[in-house]
Amino acid sequence: RGFGQRGDGDTSEWLTAKEELLKKLEDKLKYVERWQSDVEALEARLNATVDELRGQKAEVEKLNKENEGLKTRLHAAEKEIDGLKRDSGAHRVAFSASLSNFGEIYKGPCTDKTLIFKRIFSNVGDGYDESTGVFTAPVDGLYYFSFNTYGYNTHVMGAMLFKNGIRQISTYDFPSVDGSDSSSNSVVLQLAAGDKLHMELWDDGRVFDNLNGHTTFSGFLVFPLSK
Ligand SMILES: *[C@@H]1O[C@H](CO)[C@@H](O)[C@H](O)[C@H]1NC(C)=O
């Protein structure tokens, strides 16, 4: 039907219906607008969170880098401490002994010419073996050795220091008119860990000792050397 054919009642009813529809649409629009502003607020918060996470990630990366730096420095410091330990007292090596720990000893001439010093004054680091008379270097380093031999005039008096079976230094006194002889010597040797040192009489040699400690053998590590 055309507009003109409607009654007044019909028109106002139609308008009322449209007004109601408009009102509903307005409400819906408001609702949608509220939603949109909520979504925008959420997006802003999300953006802020993303920014914060980026910042934290950068911070963690920075901390990781710093940590790596500290690790490197710690490693270097540990190495340095190891070196210092090696150089200062981690290896304490010193011994000193005399031939006789009981009564009088005339040693030699004999076939087993090794002098076994039995009276131990000190033996730090267990380098010296009092059962064999052999000193074994525990670490690479520079070592100082000294010895004294004493004896009477009937025989050659003296002894030799051997390193790994090779003669190093010695004391020597030919049989002579005076009653007794005493002679000493010392040396600084560069040793590798495991090198072995001992004292031997000369062929036909003889030394004497009692608890006065005339015939002695001493040594100590001056300082270690790295390989
Ligand atoms: C959130 O970040 C995006 C991308 O950077 C940007 O396009 C948007 O406008 C931001 N929104 C708000 C609410 O800041």
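The structure displayed is predicted, hence computed values, not measured ones. (Residues numbered from 1 in each chain as written. Predicted model: local features only at pLDDT ≥ 70, side-chain atom pairs only at ≥ 80, totals over all residues. Heavy atoms only, no water.)

## Comments concerning the overall build of the protein
Across its full length, the protein carries 1 helix and 13 strands. Walking the protein from its N terminus toward its C terminus, one meets helices and strands in the order α-β-β-β-β-β-β-β-β-β-β-β-β-β. Taking 17 Å as the expected radius of gyration for a compact globule of 227 residues, we find that the protein reaches 49 Å, considerably beyond that expectation. Projected onto its principal axes, the C-alpha coordinates of the protein cover approximately 170 × 30 × 25 Å. Long-range contacts, defined as pairs at least 24 residues apart, comprise 72% of the intrachain contacts of the protein with a sequence gap of at least 6. Carbon together with sulfur atoms contributes 54% to the accessible area of the protein, which is approximately 15300 Å² in total. Within the protein, the 35 negative side-chain charges are centred at a point lying 5 Å from the centre of the 28 positive side-chain charges. (Helix = DSSP H or I, 4+ residues; strand = E, 2+ residues; numbered from the N terminus. Rg over C-alpha atoms; globule rule 2.2 N^0.38 Å. Contact = heavy atoms within 4.5 Å. Areas by Shrake-Rupley, 256 points an atom, 1.4 Å probe, with all protein chains shown as cover. Lys, Arg positive; Asp, Glu negative; His and termini not counted. Charge placed at Lys NZ, Arg CZ, Asp CG, Glu CD.)

## Looking at the packing of aromatic side chains
Considering all chains together, one arrives at 17 aromatic pairs under this definition. Taking the centre distance of 6.3 Å and the plane angle of 25 degrees together, the rings of Phe 145 and Phe 217 count as stacked. Of this pair, Phe 145 sits in strand E7 (residues 141–152) while Phe 217 sits in strand E13 (residues 216–224); the two residues are 72 residues apart in sequence, bridging distant segments of the chain. Note on Phe 145: relative accessible area 0%, which makes it buried. Take Phe 217: its relative accessible area is 1%, and that puts it in the buried class. Judged by centre distance (6.2 Å) and plane angle (55 degrees), the ring pair of Tyr 150 and Phe 208 falls under tilted. A residue pair is termed long-range when its members are at least 10 positions apart, and Tyr 150 in strand E7 and Phe 208 in strand E12 (residues 207–209) qualify at 58 residues. By the burial criterion, Tyr 150 is buried, and Phe 208 matches it. Here the aromatic cluster, defined as three or more aromatic residues joined through ring pairs, consists of Phe 95, Phe 117, Tyr 128, Phe 135, Tyr 143, Phe 145 and Phe 217. (Phe/Tyr/Trp six-rings, centres within 6.5 Å; stacked < 30°, edge-to-face > 60°. Buried < 20%, exposed > 50% of the residue type's maximum accessible area, 1.4 Å probe, protein only.)

## Details of the sheet that holds E7
The 5 strands are arranged E4-E1-E13-E7-E10 in an open sheet whose pairing can be described as antiparallel. Here the strands that pair on one side only, and so sit at the sheet edges, are strand E4 (119–124) and strand E10 (180–191). Recorded for the sheet is a direction-independent mean angle of 10 degrees between the axes of neighbouring strands. Strand direction decides the pairing type here: strand E1 (residues 94–98) and E13, joined by 5 bridges, are antiparallel. If you follow Ala 97 over to E13, its bridge partner there is Phe 217. (Pairing = 2+ DSSP bridges. Axes fitted to C-alpha atoms, helices over the stretch in contact; angles between N-to-C directions.)

## Describing unusual backbone geometry
Looking along the chain, the bond that leaves Gly 108 and enters Pro 109 is cis, with omega of -10 degrees. For Pro 109, the location among the structural elements is in the loop between strand E2 (105–107) and strand E3 (114–115). Its identity as a non-glycine residue notwithstanding, Asn 164 has a phi of 50 degrees, on the positive side. As for its placement among the helices and strands, Asn 164 is situated in the loop between strand E8 (159–163) and strand E9 (166–170).

## Considerations on the pairing of strand E11 (residues 196–201)
Burial within E11 is extensive, with 5 of its 6 residues counted as buried. Taken together, the 2 bridges between E3 and E11 define a ladder with antiparallel strand orientation. Pairing of Thr 114 across the sheet is with Glu 200, part of E11. The pairing of strand E6 (residues 134–136) with E11 spans 2 bridges and is classified as antiparallel.

## Here we look at the site of the ligand
Taken together, the neighbourhood of the ligand is formed by Glu 40, Glu 43, Ala 44 and Asn 47. Here Glu 43 contributes a side-chain N or O atom positioned 3.0 Å from a nitrogen atom of the ligand. Interatomic distance of 2.4 Å between a side-chain N/O atom of Asn 47 and an oxygen atom of the ligand. When the ligand is considered free in solution it has 360 Å² of accessible area, and contact with the protein chains removes 33% of it. Across the shell around the ligand, the residue classes break down as 1 nonpolar, 1 polar and 2 charged. (Near = heavy atom within 4 Å. Polar contact = N/O pair within 3.5 Å; in protein donor to acceptor, adjacent residues only side chain to side chain. Nonpolar A, V, L, I, M, F, W, Y, C, P; charged D, E, K, R; others polar.)

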